[in-house]
Amino acid sequence: MTPDLSSFLGTISVVVSVGVAAGFSVLLLVLPRRPALRAWVASLWLLALAVCMRQLPGGPVGTAPVAVSFAALALCGGALLLVGVSQHVQRPLPFWKPALVLAPLLLAMLLDGLLLHLHGMQRNLSNLCAVAMYAWMTWMLLRRTPPQLRLSYYVAAGVFAAHTAYALYGLGLSLELTAHGNDETLAAVSQRIVAGVVLLIAQSSALMLLIVEEIVCELKQRASVDGLTGLLNRNAVWQAAQAGLDASLMAHAPFAALIMDLDYFKRINDNWGHLVGDEVLRHFADLLRRAAPGPTPVLGRYGGEEFVVVLPGADADAAMEKAQSIVEQVHDARVSTQAGELRYTVSIGVVVSTTCRDLEQLMSRADAALYHAKATGRDSACLAVPCAQTPVQAMAPDAVPQPSRRRQRRSWCVKGA
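Parameters and conventions
- As a convention, each chain's residues are numbered from 1 in the sequence order in which they are written.
- Thresholds applied to this predicted model are a pLDDT of at least 70 for local features of residues and 80 or more for the giving and counting of side-chain atom pairs; totals over whole chains, interfaces and linings are not thresholded and use all residues.
- Excluded from the side-chain calculations are hydrogens and water; all other atoms, namely the structure's heavy atoms, are used.
- Comment: elements are numbered from the N terminus, with helices defined as DSSP H or I runs of at least four residues and strands as E runs of at least two.
- Note on exposure labels: buried denotes an accessible area under 20% of the residue type's maximum, exposed denotes more than 50%, and partly exposed covers the range between, all computed with a 1.4 Å probe on protein chains only.
- What qualifies as a polar contact is a pair of N or O atoms within 3.5 Å, subject to a donor-acceptor requirement within protein and to the restriction that residues adjacent in sequence count only when both atoms come from side chains.
- Only heavy atoms enter the contact rule, under which two residues are in contact if any of them lie within 4.5 Å.
- Aromatic rings from Phe, Tyr and Trp, with only the six-membered ring used for Trp, were paired whenever their centres fell within 6.5 Å, and each pair was classed as stacked if the ring planes differed by under 30 degrees, edge-to-face if by over 60, and tilted otherwise.
- Remark: a charge is flagged as sitting over a ring if the NZ atom of Lys or the CZ atom of Arg is within 6 Å of the ring centre and within 35 degrees of the ring normal.
- Criterion for a salt bridge: a side-chain nitrogen of Lys or Arg within 4 Å of a carboxyl oxygen of Asp or Glu.

Chemist: Can you tell me about the side chain of His283, naming the residues and giving the values?
Modeler: When you line up the elements, His283 lands in helix H10 (residues 274-291). With relative accessibility at 18%, the residue His283 sits in the buried group. Within the structure, His283 has its side chain in polar contact with the side chain of Tyr344 (distance 2.8 Å). Residues within four places of His283 in sequence aside, it is in contact with Ala333, Arg334, Val335 and Tyr344.

Chemist: I'd like a description of the packing of aromatic side chains, backed by residues and values.
Modeler: All chains considered together, the criterion is met by four aromatic pairs. Taken together, the ring pairs in this structure connect Phe284, Phe307 and Tyr344 into an aromatic cluster. Directly above the ring of Tyr302 sits Arg234, whose terminal nitrogen or CZ lies 4.0 Å from the centroid. The ring of Tyr264 is capped by Arg267, whose NZ or CZ atom sits 4.1 Å from the centre of that ring.

Chemist: Any chance you could break down the pattern of salt bridges for me, citing the residues and the numbers?
Modeler: Under the definition given, this model contains eight salt bridges. Residue Asp263 pairs with Lys374 through a salt bridge whose shortest N-O separation is 2.9 Å. Taken together, the residues span a long stretch of sequence, with Asp263 in the loop between strand E1 (255-262) and helix H9 (265-272) and Lys374 in helix H12 (residues 359-375) at a distance of 111 residues. Judged on exposure class, the residue Asp263 and its partner Lys374 are both buried. The partner of Asp263 in a salt bridge is Arg378, and the shortest N-O contact between them spans 4.0 Å. Of the two residues, Asp263 sits in the loop between E1 and H9 while Arg378 sits in the loop between H12 and strand E7 (380-383), which places them 115 residues apart along the sequence. On the accessibility criterion, Arg378 (23% relative accessible area) is partly exposed.

Here you go:
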């Protein structure tokens, strides 16, 4: 292989590495609040600078300062890449930890370049460090794989595993050259440059996929979450309820849904303003999270001051016990707002079914039970009768509300206003 071709391939590697670093820098201008992206941009620029240094007269195995500087830039770039991956998987790794590993290696390279002049030592240490860092990144991605980000994590882990395998191959080849006291041939250098460019393109594509899939996941989450309370919005809670109903029917298990409405909430907005009303809504959402913890219950804001809790697998006794607990917790709660200390109450309609497949019918029945609870005094929970016993449009006379033990006739009051 001619020197001209090797020089041409080196120029291509410089253009690609600088172009990738510049492209990620532009992306960082659009997404400035992503610490992983900042670490990756710094890493890519260090690697690009190392590739540029490779093209200096004498190459990476020329003078000692060039060789040590090349190795230092490449290893620091790899360490920043590792730090960025750890931040992306939500397990931030302080830079001093990989630096603690790199410092002795760089010191050994410096001593070799200036004093020892051991044949192939720098090359062997660089390959060994690359194996350790890329294997570390592969392990982090496979160990911390969120279900919703599985594609990007697996692709990135595959790319880093390929980097690990290539570094292992380079380490074996370097050890063999060291044992025979030989230097790399021009053909081997050119092959290494081509492999490096291919792996760099694959690595940048994997990093981009990690960022894009995370952004898509965040957008989906924002589209399904109520911005004020952090609970699911109406569409999302309906989809989750339908999935829970289908799963309950397949398992021949009961299915329960609770529809809740804050009593006299319009008075709070009219007398104290919507900001105070928002504080009450957030307080109630936090109370629901504590009252119905775990992954099984589905919590959502149905609209305005209406909320929904879906309990797949809960029978009538369990659903009413949960509803009564929520009523009593709200009854005893005090909300600190900018207008003073506020008290409020809630009414709940409960529906339980083991055979009904129509979610809309179940929700209509729970809504009817809710208004029956409001019509009989509020601050209570009312259980709807089974679907087969009464039409959807009206509650049966025996649908009796279950009041809280300490009925507060005045549903809200303000202290210190």
